[in-house]
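Chain by chain, the residues:
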Amino acid sequence: MTRGVQSELGTGHGWFEHLSERDRDFLGPLARRAGVAESAVRRDPAALAHVLTHPATFDAMFGRPDDDTLVATSPFLTFAVIVHRGWSELRSARHVDEWIGVRQRLPLLSAGDLRDFLAAPHRRLFLTELLASYTRVASGATWVATRRGWRRRRFNELDPVRLASLLEVVPDEQRPGVYRRLGDLALLLTGVFPDHTERHGLGLLERGRLARMSGLDVDEREGPLLGSAPTGAVGLLEQLGPRWYRLASGARRWPSAGAAGTTSVVVEVADRFSVARRTLNHLTDRYLFTRRASWFGEPRA
């Protein structure tokens, strides 16, 4: 493998934190087909990225009529292969389909910003970790002290309003983690479930609660954010998502966040939130669409 390819694929070790032993066994034989040593996919990030990008890996995982391979390997490896397949195809793509509304796509003659976004290994890792994290959705209830006594309040990681309600009850040191997860959810809902999110939307009261719990002042809450903007719920979350990520950036690191959980990457994704969302739109339309419900469950937005 040339030095240029090694530089392009990166040298970070965050990927190995998530791969199971079955994942490594699955990738080993594919390494030979990709022209690298089998042992390299267990220790060399550049070799691992090269194997993840190779067409034989995608075919081995998704080219069979049954789901045995998907059951045997981890969700993280599944999404790593999808993200790298998307990156590989975008390098030669002349256009992409842009999401503009429910069941509406508009071909754009440039894929450069999506290609640039995925060119960075840490951003590919960020998207892979994000997708894998939503295959195990947390939900439950917490007790909150109110003027009328203790009340039971439910939360669900796929419901932005209920997730944001945790900001009212968690200690200050835990608020960055909630903001981080809100940013992740905004990216998931707008990137993987844009039609569902736009169709079901968020009511005026829900928009107001999200704005208030996100620390927006009165003028902002009464401005375009809560108006009847043509972008609807997707546009709203595309505004709130970067804000939530920036509010989360006060935390140096999140538990089990891997290399993609560092503050600098979160801020970087906040600055490129629209491109990240469009990248997930592309990956979803190309590879995720038919399996979304089985992998992620039903969103609540």
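The structure we're discussing is the one just above.
Numbering of residues starts from 1 in every chain and runs along the sequence as written. Whole-chain, interface and lining totals are the exception, using all residues; otherwise, since this is a predicted model, local features are given only for residues with pLDDT of at least 70 and side-chain atom pairs are given and counted only at 80 or more. As a convention, hydrogens and water are excluded, and side-chain values are obtained from all of the structure's heavy atoms.

## Focus on the overall build of the protein
Here's step 1: Looking only at helices and strands, the protein has 17 helices and four strands in total.
Here's step 2: Only protein chains enter the accessibility calculation, which uses a 1.4 Å probe; a residue is then buried when its area is under 20% of its type maximum, exposed when over 50%, and partly exposed in between. Among the 301 residues that make up the protein, the fraction classed as buried is 52%.
Here's step 3: The contact criterion used is simple: two residues touch if any of their non-hydrogen atoms lie within 4.5 Å. For the protein, the proportion of contacts with a sequence separation of at least 24, taken over those separated by at least 6, is 67%. Note on conventions: DSSP H or I runs of at least 4 residues are helices, E runs of at least 2 residues are strands, and numbering of each starts at the N terminus.

## Some remarks on the nonpolar core
Here's step 1: Here the nonpolar core consists of buried residues drawn from Ala, Val, Leu, Ile, Met, Phe, Trp, Tyr and Cys, with membership extended through side-chain atoms lying within 4.5 Å. By size, the foremost hydrophobic cluster in this structure holds 77 residues, and its most contacted members are F126, L131, L187, L188 and Y245.
Here's step 2: For this core, the leading source of residues is helix 6 (residues 75-90), giving nine residues.
Here's step 3: Residues in contact with Y245, not counting those within four places in the same chain, are F126, L130, Y179, R180, G183, D184, L187, V266, V269, A270 and F273.

## Description of the packing of aromatic side chains
Where two aromatic rings form a pair, the distance of their centres and the angle of their planes describe that pair.
Here's step 1: Stacked, edge-to-face and tilted are the three classes for Phe, Tyr and Trp ring pairs, Trp counted by its six-membered ring, which pair at centre distances within 6.5 Å; planes under 30 degrees apart are stacked, over 60 edge-to-face, the rest tilted. Scanning the entire structure with this criterion turns up five aromatic pairs.
Here's step 2: Measuring from centroid to centroid gives 5.9 Å for W15 and F76, while their planes differ by 55 degrees, and the two rings are tilted. With W15 in the loop between helix 1 (3-9) and helix 2 (21-33) and F76 in helix 6, the pair connects residues that are 61 residues apart, well separated along the chain. Residue W15 shares its accessibility class with F76, and that shared class is buried.
Here's step 3: With centroids separated by 4.9 Å and ring planes inclined at 35 degrees, the aromatic side chains of F58 and F62 adopt a geometry described as tilted. With F58 and F62 both in helix 4 (residues 55-62) and four residues apart, this pair spans about one turn of that helix.
Here's step 4: Chaining the aromatic ring pairs together yields one cluster made of F58, F62 and Y287.
Here's step 5: Two limits define a charge over a ring: the Lys NZ or Arg CZ must be within 6 Å of the ring centre, and within 35 degrees of the ring normal. If you follow R181 out to its NZ or CZ, it ends over the ring of Y134, 3.9 Å from the centre.

## Concerning unusual backbone geometry
Here's step 1: The phi torsion at R103 lies on the positive side, around 55 degrees, for a residue other than glycine.
Here's step 2: Within the fold, R103 resides in the loop between strand 1 (96-101) and strand 2 (104-108).

## Brief notes about the pattern of salt bridges
Here's step 1: Within this document, salt bridges are pairs made up of a side-chain nitrogen of Lys or Arg and a carboxyl oxygen of Asp or Glu, the two lying within 4 Å of each other. For the structure shown, the criterion picks out 16 salt bridges.
Here's step 2: A salt bridge links E21 to R42, with the nearest nitrogen and oxygen atoms 2.7 Å apart. Here the residue E21 occupies a position in helix 2, and R42 occupies one in the loop between helix 2 and helix 3 (45-53), the gap between them amounting to 21 residues.
Here's step 3: Taking relative accessible area as the criterion, E21 reaches 46% and is therefore assigned partly exposed.
Here's step 4: One salt bridge connects E98 with R278, and the closest N-O pair in it is separated by 2.8 Å. Pair noted here: E98 is in strand 1 and R278 is in helix 16 (residues 273-288), with a separation of 180 residues, a long-range link.

## Looking at the side chain of E98
Here's step 1: Looking at E98, the relative accessible area reads 14%, which means it is buried.
Here's step 2: Apart from residues lying up to four places away in sequence, E98 is in contact with Q104, R105, L106, L108, R277 and R278.

## A closer look at the packing of helix 3 against helix 6
Here's step 1: Axis angles are defined between N-to-C directions and span 0 to 180 degrees, where every axis is a line fitted to C-alpha atoms and, for a helix, only to the segment in contact. The contact between helix 3 and helix 6 brings their axes to 8 Å, and the two run at 75 degrees. By the angle class used here, helix 3 and helix 6 are roughly perpendicular. Residues A49, L52 and T53 of helix 3 form the contact with helix 6, whose own contacting residues are L77, A80, V81, H84, W87 and S88.
Here's step 2: Among the residues making up the contact of helix 3 with helix 6, the classes are represented as six nonpolar, three polar and no charged. In what follows, roughly perpendicular refers to angles from 65 to 115 degrees, roughly parallel to angles under 35, roughly antiparallel to angles over 145, and oblique to any angle outside these ranges. For this scheme, ten residues count as nonpolar: Ala, Val, Leu, Ile, Met, Phe, Trp, Tyr, Cys and Pro. Four count as charged, namely Asp, Glu, Lys and Arg, and the remainder, Gly too, count as polar.

## Details of helix 6
Since one α-helical turn is 3.6 residues long, residues separated by three or four positions face the same way.
Here's step 1: Expected span, for any helix, means 1.5 Å times one less than how many residues it has. For helix 6, spanning 16 residues, the distance from its first C-alpha to its last is 23 Å, which sits close to the expected 22 Å at 1.5 Å a residue.
Here's step 2: The buried fraction of helix 6 amounts to 13 of the 16 residues, a majority that puts the element mostly inside the structure.

## Structural notes on the pairing of strand 2
Here's step 1: In short, DSSP must find at least two bridges between two strands for them to pair. Two elements, strand 1 and strand 2, share five bridges in a ladder whose sense is antiparallel. Bridge assignment links W99 to a residue of strand 2, and that residue is R105.
Here's step 2: Hairpin geometry of strand 1 and strand 2 is characterised by an intervening segment of two residues between the two adjacent antiparallel strands and by a positive phi of about 55 degrees at R103.

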